[in-house]
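Next come the chains, spelled out residue by residue.
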Amino acid sequence: MQEKTKQIITEDYERVQAYEKVFGVEMPKMGPDGSIAGLPAPFPRVVNGVERSGYRITELGRLAAWTGIPIQNPILGRNSGEETYQESIAMYKVAEELNIDLFHFVHSEATRHIDPLDGADLIEQSRGKGGITPAGERQFIELGGGANHPLRINATGDTPHLSIINSLIAGFDGTDIGPVIHVHFGGRGIHDYKTKVSNGYKALQICAENNIFVQTDSHKHLNNIGGTDGMALAMCLLAEGLAIHAGLPSALSGIQMNVGGINLLADLAVMRAFRQLMWSEFLIVVPETFQNPPADLIAEQAHFARMAISAKLGGANFYRPKAAENVGIPTGASMAKAIWATQNVFENTAFYEIEDPAIGRRQAEIVTEALAVLASTFGLSRELSPEEIGPDFWSKYGDEELIDIIVAAGKKGILDAPRAAAWDLKRGVKTHRGKDGIRRYIPGYGPVDVPVDKMSYTAEKVIVEDEKPISKKEKILLATVGADAHVVGINVIREAFEQAGYEVIYLRGMNLPETVAEVAAETKADVIGVSNLLGLGLTLFPRVERRLKELGIRDNVVLMAGGRIAEKEEEHTLIEQKIKNEGTDFLGVESFFGPGTDPQEVIRWVEERMNERGK
């Protein structure tokens, strides 16, 4: 009957129409009598000659559990359906040669993280970047995408429920949502935290009613911004609580997590901790990338091989192969190499059930921490036991009540991470990655209202520098521009400038270039630093300079940029060479700092410019 799906469309019809207008795709229509037309039937149904259903992915996950060989979940999506399909052929060819099925993650465009009603301007100026477009998804299916290998897409950010309606129309078997971590810490979009969680819940309801496979939440994203394994597990469990309320079966739910490859016992411990408490049937494992990749890409690929071993020995259902040579959206050929190499590791690594006291100790630490965070989130005066966490526990709370509890815990600082990128949430925790490769809290900097004796704190000596008073007269304005949710790098730069004594005005993620220039004029900033990791700088950075000139203040400020200058792997070297030969004038900035730049190099460059201006 799709009653919940139709109700969601009716309640948010203005945004459904905005999605159609902004992305150029046909969406369901509401008639004068409130009826909904143009909504396809739930899965399973035949789309382009193939019976699609989230249960195709379920079958693959269960095959992995039976064989002990994880199903590979490569990520590849280009701007158009045609380009995505042509790039995918190389992946599909090597899968056929290896006689394996893939679970293809078709990376969707960054603008999908934005509300199409309130953020239309931001979407338009970032058009067609960061992966396949909604129109491209439909074209990709028509060309034959997903005929043999089930597909999933991104559906995070402000309005994931709209992206999922589009994916149902297109014929995708699965999606990722992440109403807690992706929404809480992703920095994506323009909505307040509660609206984001509520929209994530709507997305789960649509998936449940239409038999769409869901990557329900992700340990990976919290891990990437300095969070701990226990905190991430607690957040994933909260997302599962919402999924259970939505009516999603565990057979259509998976949790994503990182493995680091630098400590096998720690990787196995976190996978076992998740297995112990999670309700979802499937574990989707993602390799953690080097923060500072070695110059020798063979060494980097060896690192990915270590993580593939962790995934196999930990019993992952799905694993994302990583193309070592890619700097942006990878080519199909580079992903094909990664798939071949990963399968070789899977099939030629003997399986052992490793039992070591260190695994059990670390697993207990993670579980204890997660349960303590949950107890504080729900305001419980008693400890929770692992056996309590399940459908009966979540059913004690109403839908809206559970959403309000999650939002309140986030705002209070119970749910927290050092480099969280949300807007209205307190962030007071600090963590340290120890010599054993495990990230723990620094004493005195744990989450709010969670008992200290239940959390894992580092025993290593860590010096936390006091916040430096402002000692420099210059103001620094920092912001990402375009529909870019990546804020970790710019946070590193922000922290470095603050420690150097500068006053920093930080606009966080997703800003129009013109807005950055206007804030610079209003605050009388001396230096502007803009960032984009999606290859949008070619068009967006010059717009900052253009608006500065219109405001008559271009000569008053130093303008620099950072991030990744090319979206696609094959374009990156060409543009890097152009910068080397011609400088950065064509970007409208005075200097460009790419990935891996030492923050002190940026500060030295700014100080030199300030000295030149002073003279």
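Everything discussed here concerns the structure shown above.
Residues numbered from 1 in each chain as written. Predicted model: local features only at pLDDT ≥ 70, side-chain atom pairs only at ≥ 80, totals over all residues. Heavy atoms only, no water.

What follows is about the packing of helix α4 (residues 81-98) against helix α6 (residues 134-143). In contact at an axis separation of 8 Å, α4 and α6 are set at 50 degrees when each is read in the N-to-C sense. Relative to α6, the element α4 is oriented oblique. You can see that α4 and α6 cross each other, and the crossing is right-handed. Two secondary-structure elements touch here, α4 through Gly81, Glu82, Thr84, Tyr85, Ser88 and Tyr92 and α6 through Gly136, Gln139, Phe140 and Leu143. The residue makeup of the contact of α4 with α6, split by class, is four nonpolar, five polar and one charged. (Axes fitted to C-alpha atoms, helices over the stretch in contact; angles between N-to-C directions. Helix = DSSP H or I, 4+ residues; strand = E, 2+ residues; numbered from the N terminus. Parallel < 35°, antiparallel > 145°, perpendicular 65-115°, else oblique. Left-handed = near helix turned anticlockwise from the far one by under 90°. Contact = heavy atoms within 4.5 Å. Nonpolar A, V, L, I, M, F, W, Y, C, P; charged D, E, K, R; others polar.)

Another aspect to go through is the pattern of salt bridges. Oppositely charged side chains are able to pair whenever their charged atoms sit close together. Counted under the stated rule, the structure contains 35 salt bridges. One salt bridge in this structure joins arginine 112 and glutamate 137, with 2.4 Å as the shortest N-O distance. On the criterion of sequence distance, the pair formed by arginine 112 in the loop between β6 (104-106) and α5 (120-124) and glutamate 137 in helix α6 is long-range, its members being 25 residues apart. Here arginine 112 matches glutamate 137 in class, with each residue buried. (Salt bridge = Lys/Arg side-chain N within 4 Å of Asp/Glu carboxyl O. Buried < 20%, exposed > 50% of the residue type's maximum accessible area, 1.4 Å probe, protein only.)

The first and last C-alpha atoms of helix α21 (residues 569-582) sit 21 Å apart over 14 residues, in line with the 20 Å expected at 1.5 Å per residue. Residues of α21 that are buried: Glu569, His572, Ile575 and Ile579. In an axial view of α21, the angular spread of the buried residues amounts to 100 degrees, which keeps them on one side of the axis. Of the exposed residues in α21, the ones pointing more than 90 degrees away from its buried face are Thr573, Leu574, Asn581 and Glu582. In this structure, the buried side of α21 is in contact with α14 (332-348), α20 (537-550) and β19 (591-593). Of the residues one or two after α21, glycine 583 is the one with positive phi, at around 85 degrees. (Expected span 1.5 Å × (residues − 1). Arc of directions from axis to C-beta.)

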